[in-house]
Amino acid sequence: MQPLEATGRIALITGANKGIGFETARALAAKGATVLIGARDLAAGTRAADAIVAEGGMAEAVQIEITNEASVAAAATRIGEKFGRLDILVNNAAVSLEKGREPSEADLGLLRQMYETNVIGTVAVTNAMLPMLHKSDAGRIVNMSTGLASFALTASPDSPFASIRHLGYISSKAAVNSATIMYANELRPSGTKVNAANPGLCATDLSAGKGQPASAGAAVVVELALLGPDGPSGGFFDSRGVVPW
Ligand SMILES: NC(=O)c1ccc[n+]([C@@H]2O[C@H](COP(=O)([O-])OP(=O)(O)OC[C@H]3O[C@@H](n4cnc5c(N)ncnc54)[C@H](OP(=O)(O)O)[C@@H]3O)[C@@H](O)[C@H]2O)c1
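Residues numbered from 1 in each chain as written. Predicted model: local features only at pLDDT ≥ 70, side-chain atom pairs only at ≥ 80, totals over all residues. Heavy atoms only, no water.

Asker: Can you help me understand the site of the ligand in this one?
Answerer: In the region of the ligand, 28 residues are neighbours, and Glu-65, Asn-92, Tyr-169, Cys-202 and Thr-204 sit closest. Within the backbone of Ile-20, one N or O atom sits 2.8 Å away from an oxygen atom of the ligand. Between the ligand and the protein, one listed contact pairs an oxygen atom with a side-chain N or O atom of Thr-204 at 2.5 Å. Coverage of the ligand by the protein chains reaches 93% of its 900 Å² of free accessible surface. Those elements that place two or more of their residues in the shell around the ligand are α1 (19-30) and α6 (167-187). By residue class, the composition of the shell around the ligand is 12 nonpolar, 11 polar and 5 charged. (Near = heavy atom within 4 Å. Polar contact = N/O pair within 3.5 Å; in protein donor to acceptor, adjacent residues only side chain to side chain. Areas by Shrake-Rupley, 256 points an atom, 1.4 Å probe, with all protein chains shown as cover. Helix = DSSP H or I, 4+ residues; strand = E, 2+ residues; numbered from the N terminus. Nonpolar A, V, L, I, M, F, W, Y, C, P; charged D, E, K, R; others polar.)

Printed below as a string of structure tokens:
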């Protein structure tokens, strides 16, 4: 499968001031894309963009707090005015707030916060950016998921994942998976492809520093962001290939 040429493509990555989002932006910029570093803290986004520019990439920060509709709308307006279109949207920003609590002990406030960010924020950003993705000749949306959200991998009591109990985080990412399929079905006629990525366990603030380097997790995201016209839509992938739903 031939990937798209990254040069000249405009990519927005939410939550790109650090972690896997930053490494995704960095890798896309290294391939020649112009990357918009979505960050709720503009100063942090600017530092990340500056680091990519210092490496020779094209990057700039865009303030975007994905739970704030005005911030999302302002980011969409700014991107529209400056670039007139968007080729790649990586819905990367997310939170995991429970620290292994059992479902029977779920904190409803934390649950709401995770759904607000991981699910509703992802939908809000997607819908705000769609008019600009429709102006691309090959729109690509990558939704960040996790293998923990795979029913097939977690349903068996013998699964290595069966002892992991982050109800809000995992079920919110299962909702992201479901949304991925629905957007892919809606957008198929337009040529915009929508897929879910499992980066695998990566050493970031979200994972308390456990796992592989974030750059390794970003590789599958970059691949899905640059899928050629014969690439899949409505799928779930990690670095080894298809992840079962
Ligand atoms: N790390 C892993 O092992 C792993 C595994 C599977 C999937 N993932 C997924 O990969 C993605 C990136 O995770 P990560 O590990 O790189 O986490 P991270 O280092 O904690 O980065 C998360 C990013 O999201 C941003 N963010 C959080 N809430 C936001 C909001 N309301 N509005 C805008 N930005 C917001 C954070 O901004 P601030 O810096 O301002 O907090 C930060 O930039 C997430 O979707 C996560 O679920 C991670």
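Asker: Quick question: what am I supposed to make of the packing of aromatic side chains here?
Answerer: Per the stated rule, a full pass over the model turns up 1 aromatic pair. Consider the rings of Phe-236 and Trp-245, whose centres lie 5.3 Å apart with planes at 25 degrees: the pair is stacked. What makes Trp-245 partly exposed here is its relative accessible area of 33%. (Phe/Tyr/Trp six-rings, centres within 6.5 Å; stacked < 30°, edge-to-face > 60°. Buried < 20%, exposed > 50% of the residue type's maximum accessible area, 1.4 Å probe, protein only.)

Asker: I would appreciate a short explanation of the pairing of strand β6 (residues 193-197) in the present structure.
Answerer: Side chains on a regular strand alternate between the two faces of the sheet. Burial analysis of β6 places 5 of its 5 residues in the buried class, the great majority of the element. Residues Lys-193, Asn-195 and Ala-197 point to one face of β6 and Val-194 and Ala-196 to the other, with burial holding for every one of them. Note: β6 against strand β7 (residues 236-238), 2 bridges, orientation parallel. Bridged to Ala-197 within β7 is Phe-237. (Pairing = 2+ DSSP bridges.)

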